[in-house]
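Descriptive structure summary
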Amino acid sequence: MTLENMTLQTSYLRLDEEFYRLTDRIPLDEPYLISFNPDAAKLIDLDDETRNDPQFVALLNGTFTPQGSSPFAMSYAGHQFGNYNPWLGDGRASNLGNMNGWNLQLKGSGETLYSRMADGRTVVRSSIREYLMSEAMHHLGVPTTRALGIIGSKTKVLRNRMEDAAIVMRMSPSWVRFGTFEYFYYSSQHKNLEMLAEYVIAESYPHLKDDEDRFYKMFCEVVDRTAVLIAKWQGLGFCHGVMNTDNMSIAGLTLDYGPFSMMDDFRYGFICNHTDKIGRYSYAEQPNISYWNLTKLSETLPKLVSKERMAKKLEDFGAFIYPDAYINIMREKLGLDVEVENDLELIEELLVALHDAFVDYTIFFRTLSRYDGDRTALYDIAMNPVVIHNWLELYEERLLQETRSHVERHEVMLKTNPKYVLKNYMLDEAIVLAEKGDFSLVEKLLSIASHPYDEMPEHEYFAKETPEEHKNRGLACSS
Ligand code: AMP
Ligand code: MG
């Protein structure tokens, strides 16, 4: 399909006018294509040739509007760093409509009624980060929004320095946030809150549509999806950095990529967001904070679901920093097939050992995926090998309870523990080049990120330990 033939649906606009504001997109000056993502294009039946269609740049720049589209910005509120903000909303995003279940959204397309004092823009740097990382997460098996392409421009915007403005086209099965529920609840719009819940069920939980108990079941599924999402983040060493309730997806997706980071050397308390002085959103806190955010969601629903039932559901989830979903993921990462009751102890011992060993989280698991009794490779990657040695004694003992052979275990682990993850220093390298007009590394990282478990000798550079000066460096929120 070409862009001219594409027709979008805008079912969100059938909701009450409080849900959104129609918005004008404000084009950037001298826009140019930075990248086109063929994998995402397939999801909405767009031809590969769209890459070369000048209308594609126009689509992202807001000078071409697909059939059926009526751009709008969505209303939401949210708890930011624990404090309630009643008026957030899409301050720099326009939603174009839905195709094949994917809601297309331009990020950086200019001011909206929700922009408050800000400029409605995003920059090349942040757009490349979001574009590449969302693709990487998808290929790592993590539920996430996707991205179709990026344009840059000659329009300048001020962040910590003057930067080139960009627009990234994002796609998501849902853009509804916990904060969307908060917006209606705290402004006492109870009819609209119920309408929102019905909309979310139709969009993200359609199997519940005719269920009398659908609101409770929707809440339970949000809890379960969130538990799985966070468990996947923890398993991969992904830190989101800004887990405000407005950045929590009602569909359990990774949403709003900002100062995120993949862990380099494993530091349990790693804070990837410089603005987060106390580590509210540190790696260690992500499970707790997701629980807190789910509690905030439950507080918006008492007119639809009994508080006691929600509290019970949350109790089942929140009693553990490590829910079952996490233990299962870690079992997979360790190649363990049999469930043994005290596996959590083995996992906790491992986290302590990784912390004390100063070892790269990704490289450790990839190396462990070939472990056959010879420990040399594992000692070589650790600054403090003795703690790895001590943990391997426990692991060896635990492996005795398994029925898999070394070879079988390796096979599974190599499909679970990625060889390639996008670390911040790699993204930085791509950004530096892109800001000079060279997009080759963006393309290369997009391709590498699409094959995280493959051995690609030509890309060995991107599987190496992070250079010392770049390890676990936090980022500022400014984007
Ligand atoms: P974020 O940190 O990107 O999740 O954004 C938090 C809130 O601030 C959302 O309501 C955004 O729409 C808004 N926002 C962030 N940056 C800008 C900007 N440059 N212009 C307008 N609104 C913004
Ligand atoms: Mg956000």
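As shown above, the structure is provided for reference.
The structure contained in this document is the topic of the report that follows.

Here is what the cut-offs are and how they apply
Residues numbered from 1 in each chain as written. Chains lettered and ligands numbered in written order. Predicted model: local features only at pLDDT ≥ 70, side-chain atom pairs only at ≥ 80, totals over all residues. Heavy atoms only, no water. Helix = DSSP H or I, 4+ residues; strand = E, 2+ residues; numbered from the N terminus. Rg over C-alpha atoms; globule rule 2.2 N^0.38 Å. Buried < 20%, exposed > 50% of the residue type's maximum accessible area, 1.4 Å probe, protein only. Contact = heavy atoms within 4.5 Å. Expected span 1.5 Å × (residues − 1). Arc of directions from axis to C-beta. Donors = N, O, S within 2.8 Å, 3.2 Å for Na, K, Ca; no water. Polar contact = N/O pair within 3.5 Å; in protein donor to acceptor, adjacent residues only side chain to side chain. Axes fitted to C-alpha atoms, helices over the stretch in contact; angles between N-to-C directions. Parallel < 35°, antiparallel > 145°, perpendicular 65-115°, else oblique. Nonpolar A, V, L, I, M, F, W, Y, C, P; charged D, E, K, R; others polar. Left-handed = near helix turned anticlockwise from the far one by under 90°.

1. Remarks on the overall build of the protein
Within the protein one finds 16 helices and twelve strands. Radius of gyration (C-alpha) of the protein: 23 Å, near the 23 Å computed for a compact globule of 479 residues. Residues counted as buried form 59% of the 479 residues belonging to the protein. Taking the intrachain contacts of the protein between residues at least 6 apart in sequence as the baseline, contacts between residues at least 24 apart amount to 72%.

2. Focus on helix α10 (residues 343-357)
A rise of 1.5 Å per residue sets the reference length of α10, with its 15 residues, at 21 Å; its end C-alpha atoms lie 21 Å apart and thus fit the reference within 8%. Taken as a whole, α10 has its buried residues at D343, L346, I347, L350, L351, A353, L354 and A357. Projection of α10 onto a plane perpendicular to its axis shows the buried side chains occupying an angular sector of 165°, all on one side. Of the surrounding secondary structure, the elements contacted by the buried residues of α10 are α9 (324-333), α11 (361-368) and α13 (385-399).

3. Describing the coordination of the magnesium ion (ligand 2)
Around the magnesium ion (ligand 2), the protein contributes the donor atoms N247 (OD1) and D256 (OD), which lie 2.0 to 2.1 Å from the metal centre. Just as N247 is buried, D256 falls in that class too.

4. Notes on the side chain of S94
Inspection of the secondary structure assignment puts S94 in strand β6 (residues 93-99). One polar contact links S94 to S109, side chain to side chain, over a distance of 2.6 Å.

5. Some thoughts on helix α7 (residues 286-299)
The periodicity of an α-helix, 3.6 residues per turn, causes residues three or four places apart in sequence to face the same way. Here α7 spans 20 Å end to end across 14 residues, near enough to the 20 Å set by a 1.5 Å rise per residue. Considered for burial, the residues of α7 that qualify are Q286, P287, I289, S290, N293, L294, K296, L297 and S298.

6. Examining the packing of α9 against α10
Here α9 crosses α10 at 70°, and the two axes come no closer than 10 Å. Comparing the axis directions of α9 and α10 gives the class roughly perpendicular. Here α9 contributes Y326, I327, M330 and R331 to the contact with α10, which in turn contributes D343, L344, I347 and L351. For the contact of α9 with α10, the class distribution of residues is six nonpolar, no polar and two charged.

7. Here we look at the packing of helix α4 (residues 178-186) against helix α5 (residues 190-204)
Where α4 contacts α5, the two axes come as close as 7 Å, and the packing angle between them is 160°. Accordingly, the angle class assigned to the pair α4 and α5 is roughly antiparallel. At the point where α4 passes α5, the crossing takes the left-handed sense. On α5, the residues touching T180, F181, F184 and Y185 of α4 are H190, N192, L193, L196, A197 and V200. In terms of residue class, the contact of α4 with α5 is built from seven nonpolar, three polar and no charged.

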